[in-house]
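# Structure assessment
This is what each chain is made of:
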Amino acid sequence: MKIKSIIIFGIGIFLTPFFSNAQKAVFKDGEFKQWAQTPPMGWNSWDCYGPTVEEHEVKANADYMAKNLKKFGWEFVVVDIRWFVENDKAGGYNQKDPRYVIDQYGRYQPAVNRFPSAKDGQGFKPLADYIHKKGLKFGIHIMRGIPKKAVEEKMPVKGANGVTADQIYTTALQCEWLKDNYTILADKPGAQEYYDSIFELYAQWGVDFIKIDDLSRPYHEGEINLIRNAIDKCGRKIVLSTSPGETPISAAAHVKEHANMWRMVDDVWDTWPHITHLMDVAQQWYPHIAPGTWPDCDMIPLGRISVRGERGEDRMTRLTKDEQYTLITFFNIFKSPLFFGGDLPSNDAFTLSLLTNKEVVKMHNESTNVKQLFHKDGKIAVTSENPKDGSVYLALFNISDSAEEKISVSLSDLGIAGHVDCKNIWTGEKLNIHSKEVSATLKPHSSVLYKLQSKK
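Keep in mind that what you see is a predicted model, and the values were worked out from it rather than measured.

### With respect to the sheet that holds strand S16 (residues 338-340)
The eight strands lie next to each other as S13-S12-S11-S10-S6-S4-S3-S16, forming an open sheet whose pairing is parallel. Edge positions in the open sheet fall to strand S13 (294-296) and S16, since each of these has one partner strand only. Taking each pair of neighbouring strands and ignoring which way they run, the sheet shows an average axis angle of 25°. Alignment of strand S12 (residues 261-263) against S13, held across three bridges, turns out to be parallel. Residue pairing across strands places Met 261 opposite Trp 294, the latter belonging to S13. Packing of helix H2 (residues 55-69) onto the sheet brings it into contact with strand S3 (41-44) and strand S4 (76-79), and relative to S4 it is tilted by some 165°. Helix-sheet contacts for helix H3 (residues 125-133) involve S4 and strand S6 (137-143), and the interaxial angle to S6 is about 140°.

### With respect to the sheet that holds strand S19 (residues 392-398)
Taken together, six strands build an open sheet; the order of strands is S17-S18-S19-S24-S21-S22 and the sheet is antiparallel. In the strand order of this sheet, the two ends are held by strand S17 (368-376) and strand S22 (430-432), each with one partner. Ignoring strand direction, the axes of neighbouring strands in this sheet form an average angle of 25°. Examined bridge by bridge, strand S18 (residues 379-385) and S19 share seven bridges and lie antiparallel to one another. Bridge pairing in S19 links Glu 385 to Val 392. Strand contacts of helix H11 (residues 358-366): S17, S18, S19, strand S21 (420-424) and strand S24 (447-454), with the helix running at about 75° to S24, the strand carrying the most contacts.

Criteria and thresholds
- Residues numbered from 1 in each chain as written.
- Predicted model: local features only at pLDDT ≥ 70, side-chain atom pairs only at ≥ 80, totals over all residues.
- Heavy atoms only, no water.
- Pairing = 2+ DSSP bridges.
- Helix = DSSP H or I, 4+ residues; strand = E, 2+ residues; numbered from the N terminus.
- Axes fitted to C-alpha atoms, helices over the stretch in contact; angles between N-to-C directions.
- Contact = heavy atoms within 4.5 Å.

Listed below in structure tokens is the structure:
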């Protein structure tokens, strides 16, 4: 189909092709939890490419994942923010003269100069097809709300019987750090239809995962309700991630019934204070870790990051090896979703080893009853158990800045009696436990991850 494009006030406006609206499945309340029974695992373009990622880079990361990570459970490939802007920049956002690409219903479209396969109004479907053929899943990022340009141009809301974008918005609570969109008034006629229309489009493209930004601080319950309804009506199983910053614990009951994962903190970068802040905030979320609904530690800022990113210059992560083990151990035992932020083809052998340890992956997928035993005086102990083989996992962390610390946990606190086998999961070293406790002497910023089993 030939599609005509025109430029109006700096916006590329694409007339999207008509797709037949066949009968779609309607998912039941809560069914979305079945779509992420284990924490989602994948790659996200943000940490290395910010708002500038291009199609060839997404494909290169998908190729690497299919070859090196897929067999360990890594499957999502996510295009992060502002894929609909033709002239964005690294180190922030071009908010002076952005050239948006948007269709006649006020729905953003991929910028063809960055995603060539989106030509002729095909959207992300060709890229999603490429990723699906590798046995992987495709995801995108959007901002909550409705595009300012859709409001300014009074674009019609698809399926809303004459409602236009300027009738469903408010300038209140507009995102403070990115001004592309306005807030949607959730109770206005046409509000639900707008979200329905974008998820209808994403389902046509073959989207499997969506990260929606600026939902958490303050917590936008009304828009989250619209989003949940739209996904459940679109006929495609799309995993929902709400982001960022610190989702209020008071919203726990609501977010667990509407999203598969939600951010606990703002962006986590490759500095030690980011890690310790995350560990501190996470304390309130342990009781809410459950199949299908996961508190989210954010992306993993390891490997080569900030190729054209928001923070700093092109670099390998600034975290030491001890700090990298601490970060990845915490993410895994906490059962956070795992989204690698570095450029996968640039990985060295050490970085790859952090993502492909079979015992760690098994713990991440199969463990239950995650709980913190203590978090005090620079010492943290977190445990979980595997109901399939009876093993108990124990992670010990020394988060102090200067002192070597001995950290001990009694076997009785782990629910273990008698003699035990103990293995360091990262090194494979087996330890003999001759007392009623398990302990480790750890350098500052370091950690250890044990697997314990009672001897028969």
